[in-house]
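So you can see what is in the structure, the chains are spelled out below.
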Amino acid sequence: MPSFVNPEKCDGCKALDKTACQYICPNDLMVLDKDAMKAWNREPEMCWECYSCVKICPVQAIEVRGYADFVPMGANVTPMRSTDSIMWTVKFRNGMLKRFKFPIRTTAEGQAQPAGGYKPHEDLNSQVLAQEPEALNMSEVYTIK
Ligand code: SF4
Ligand code: SF4
């Protein structure tokens, strides 16, 4: 099910030129009603449920039905992001709420570890993949010479 905006929570990103959901949507689906200062998904059938707008909305105004493999029976899910984790609130149709919190970083906010701390590939023309052969516990990956 596509994402949908809860108009009671949406504040139109406080009149910024482009709202966060407009900025992030890869399908350019979100539009802002500048009179009401409310955003809406203009073509729900084109929404591929990537969750980008759901995650970026600063006031948790965008909801989406979770995929059945992690949220059964059509519950809707709302994320709350912090600097190092994300907490999903799952609301089932009978009103039951469940919350799950997951870490989202392995480094401090604003920092990155190139190549995840692994040794970068020394030869871009090599046939073996990064971290091979060590990651395969092999001494050598056999390739076509
Ligand atoms: Fe409204 Fe959230 Fe979109 Fe901002 S990001 S316009 S608050 S739905
Ligand atoms: Fe766009 Fe993805 Fe949000 Fe759908 S879920 S409206 S495709 S950002």
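Parameters and conventions
- Residues numbered from 1 in each chain as written.
- Chains lettered and ligands numbered in written order.
- Predicted model: local features only at pLDDT ≥ 70, side-chain atom pairs only at ≥ 80, totals over all residues.
- Heavy atoms only, no water.
- Helix = DSSP H or I, 4+ residues; strand = E, 2+ residues; numbered from the N terminus.
- Rg over C-alpha atoms; globule rule 2.2 N^0.38 Å.
- Buried < 20%, exposed > 50% of the residue type's maximum accessible area, 1.4 Å probe, protein only.
- Contact = heavy atoms within 4.5 Å.
- Areas by Shrake-Rupley, 256 points an atom, 1.4 Å probe, with all protein chains shown as cover.
- Lys, Arg positive; Asp, Glu negative; His and termini not counted.
- Charge placed at Lys NZ, Arg CZ, Asp CG, Glu CD.
- Pairing = 2+ DSSP bridges.
- Near = heavy atom within 4 Å.
- 1 Å grid on protein atoms, 1.4 Å probe; cavity = no way out; pocket = protein on both sides within 12 Å on 5 of 7 lines; lining within 4 Å.
- Sits in = over half its atoms within 2 Å of the grid points.
- Nonpolar A, V, L, I, M, F, W, Y, C, P; charged D, E, K, R; others polar.
- Salt bridge = Lys/Arg side-chain N within 4 Å of Asp/Glu carboxyl O.
- Core = buried A, V, L, I, M, F, W, Y, C linked by side-chain atoms within 4.5 Å.

S.K.: Would you mind going over the overall build of the chain with me for this structure?
M.R.: Each helix and strand counted, the chain has two helices and seven strands in total. Helices and strands appear in the chain in the N-to-C order β-α-β-β-α-β-β-β-β. Relative to the 2.2 N^0.38 estimate, which gives 15 Å for 145 residues, the radius of gyration of the chain is 21 Å and therefore markedly larger than a compact globule would have. Taking the principal axes of its C-alpha atoms as reference, the chain extends roughly 65 × 40 × 30 Å. Taking all 145 residues of the chain together, the buried fraction comes to 31%. Residue pairs at least 24 apart in sequence account for 33% of intrachain contacts in the chain once pairs closer than 6 positions are excluded. Just so you have it, the chain exposes about 10,400 Å², and 55% of that area is on carbon and sulfur atoms. Of the charged side chains in the chain, 17 are positive and 18 negative, and the gap between their average positions amounts to 8 Å.

S.K.: Quick question: what am I supposed to make of the sheet that holds strand S7 (residues 97-103) here?
M.R.: For sheets, the rule is that strands pair by backbone hydrogen bonds, running either parallel or antiparallel. Taken together, five strands build an open sheet; the order of strands is S1-S4-S5-S6-S7 and the sheet is antiparallel. Of all the strands in the sheet, the pair left with one neighbour each is strand S1 (4-5) and S7. Here S1 runs beside strand S4 (residues 62-65); their pairing, made up of two bridges, is antiparallel. By the bridge assignment, Phe4 is partnered in S4 with Glu63.

S.K.: How should the site of ligand 2 be read in this particular structure?
M.R.: Around ligand 2, a shell composed of 13 residues is seen, among which Ser3, Cys25, Cys47, Cys50 and Cys53 lie nearest. When each cavity is represented as a set of grid points, ligand 2 is found to reside in the largest cavity. Partitioning the shell around ligand 2 into residue classes produces nine nonpolar, three polar and one charged.

S.K.: Which parts of the structure should I look at to understand the environment of Pro103?
M.R.: Here Pro103 is to be found in strand S7. As a C-alpha pair, Pro103 and Met87 span 16 residues in sequence and 8.8 Å in three-dimensional space. In contact with Pro103, other than residues within four places in its own chain, are Asp84 and Ser85.

S.K.: Can you walk me through the pairing of strand S2 (residues 30-33) in this structure?
M.R.: Of the pairings in the sheet, the one linking S2 to strand S3 (residues 38-41) comprises four bridges and is antiparallel in character. What sits directly across from Leu32, in S3, is Ala39. Counted between consecutive antiparallel strands, the loop separating S2 from S3 contains four residues, among which Met37 sits at a positive phi close to 55°.

S.K.: What exactly am I supposed to notice about the pattern of salt bridges here?
M.R.: When their charged atoms lie close together, side chains carrying opposite charge are able to pair. The final tally for this structure, using the stated rule, is two salt bridges. Here Arg42 and Asp28 are joined by a salt bridge, their closest N and O atoms 3.4 Å apart. Residue Arg42 is found in the loop between S3 and helix H2 (52-56), and its partner Asp28 is found in the loop between helix H1 (20-24) and S2; the two are separated by 14 residues along the sequence.

S.K.: Can you walk me through the nonpolar core in this structure?
M.R.: Residues Ile62 and Val77 are the most contacted members of the largest nonpolar core, which totals 20 residues. Within the residue set of this core, elements represented by two or more residues are S2, H2, S4 and strand S6 (85-91). Broken down by element, this core gets its largest block of residues, three residues, from S6. Residues contacting Ile62, with those up to four places away along its chain left out, are Ser3, Phe4, Val5, Cys21, Met30, Cys53, Val54, Cys57 and Thr78.

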